[in-house]
Amino acid sequence: MRTRVVPGITAMPSRAPISQTMPDTGEVTVTRAEQSGPDRIDLEVGIVYGDDGHLAADATVTATLLGPSGDSIGPVTLQRVDPNSSLFAGVVAGVYAKPRWYGLSATYRFGAP
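Q: Honestly, the overall build of the protein chain in this entry has me stumped. Any pointers?
A: From N to C terminus, the protein chain includes zero helices and seven strands. When the elements of the protein chain are put in sequence order from the N terminus, they spell out β-β-β-β-β-β-β. Taking all 113 residues of the protein chain together, 39% fall into the buried category. The contacts in the protein chain between residues at least 6 apart in sequence include a share of 63% that link residues at least 24 apart.

Q: How should I be thinking about the packing of aromatic side chains in this particular structure?
A: Centre distance and the angle of the planes are the two values used to describe a pair of aromatic rings. The full count for this structure, using the stated rule, is two aromatic pairs. Ring plane angle 40° and centroid distance 5.2 Å describe the contact between Y108 and F110, whose orientation is recorded as tilted. You'll find Y108 and F110 in the same group, each marked buried. Taken together, the aromatic side chains of Y49, Y108 and F110 make up a single cluster linked through ring pairs.

Q: Got a minute to help me understand the environment of A106 in this structure?
A: Tracing the chain through its elements places A106 in strand β7 (residues 102-109). Taking the C-alpha atoms as reference, A106 lies 4.5 Å from A63; in sequence the two are 43 residues apart.

Q: Hey, could you run me through unusual backbone geometry in this one?
A: As a rule of thumb, non-glycine residues mostly have phi less than zero, and peptide bonds are mostly trans rather than cis. Residue P75 is reached from G74 by a cis peptide bond, and omega for that bond is 10°. On the secondary structure map, P75 appears in strand β5 (residues 72-80).

Q: Sorry if this is basic, but what is going on with the pairing of strand β3 (residues 40-49) here?
A: Each regular strand displays side chains that alternate between the two surfaces of the sheet. Across the 10 residues of β3, nine count as buried, placing the element largely inside the fold. Here 10 bridges tie strand β2 (residues 26-37) to β3, and the two strands are oriented antiparallel to one another. By the bridge assignment, E27 is partnered in β3 with V48. Here β2 folds back onto β3, and the loop between the two strands holds two residues.

Q: Mind showing me how you'd approach the environment of T25 here?
A: Structurally, the position occupied by T25 is in the loop between β1 (9-15) and β2. Sequence spacing of T25 and Y49 is 24 residues, and the spatial spacing of their C-alpha atoms is 6.3 Å.

Q: Quick question: what am I supposed to make of the confidence of the model for the protein chain here?
A: In low-pLDDT regions, the fine details of the predicted coordinates are not to be read closely. For the protein chain, the average pLDDT comes to 75, and 73% of its residues sit at 70 or higher. At the low end of the mean pLDDT range in the protein chain sits β1, at 46; at the high end sits strand β6 (residues 87-93), at 91. Note that pLDDT drops below 50 for residues 1-21; the model gives that stretch 50 contacts with residues more than four away or on any other chain.

Q: So what exactly am I meant to see when it comes to the nonpolar core here?
A: Generally speaking, a soluble globular protein has its nonpolar side chains buried in company with each other. Judged by nonpolar contacts, the single largest core of 24 residues is most densely connected at V45, I47, V61 and L65. Once residues within four sequence positions are removed from consideration, V61 is found in contact with V45, I47, V76, T77, L78, F88, T107 and Y108.

About the thresholds
- Residues numbered from 1 in each chain as written.
- Predicted model: local features only at pLDDT ≥ 70, side-chain atom pairs only at ≥ 80, totals over all residues.
- Heavy atoms only, no water.
- Helix = DSSP H or I, 4+ residues; strand = E, 2+ residues; numbered from the N terminus.
- Buried < 20%, exposed > 50% of the residue type's maximum accessible area, 1.4 Å probe, protein only.
- Contact = heavy atoms within 4.5 Å.
- Phe/Tyr/Trp six-rings, centres within 6.5 Å; stacked < 30°, edge-to-face > 60°.
- Pairing = 2+ DSSP bridges.
- pLDDT = per-residue confidence, 0-100.
- Core = buried A, V, L, I, M, F, W, Y, C linked by side-chain atoms within 4.5 Å.

As structure tokens, then:
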């Protein structure tokens, strides 16, 4: 997994069950994680197939923020940014304006949900 250093966010990918005809691994990259309001974080992740590096535009991606005390916010389903990419974006709300560090768990499933 490649991760971009974003203050306050640590990426931890996990994988949901997948179809037998699809690759079983993907590579997730956090491309953006920034606070956009007093209780909101904008997220964007990219995903490619792990076996060949091709865009995984057919993925379903969810994200959950994991707090230092074990609390979590989400999961939030991320939407594909445009039809020709494998970037997925969304907003996680309910992050209150305390100085905190969060882990990011990005879960993906290849193929139709």
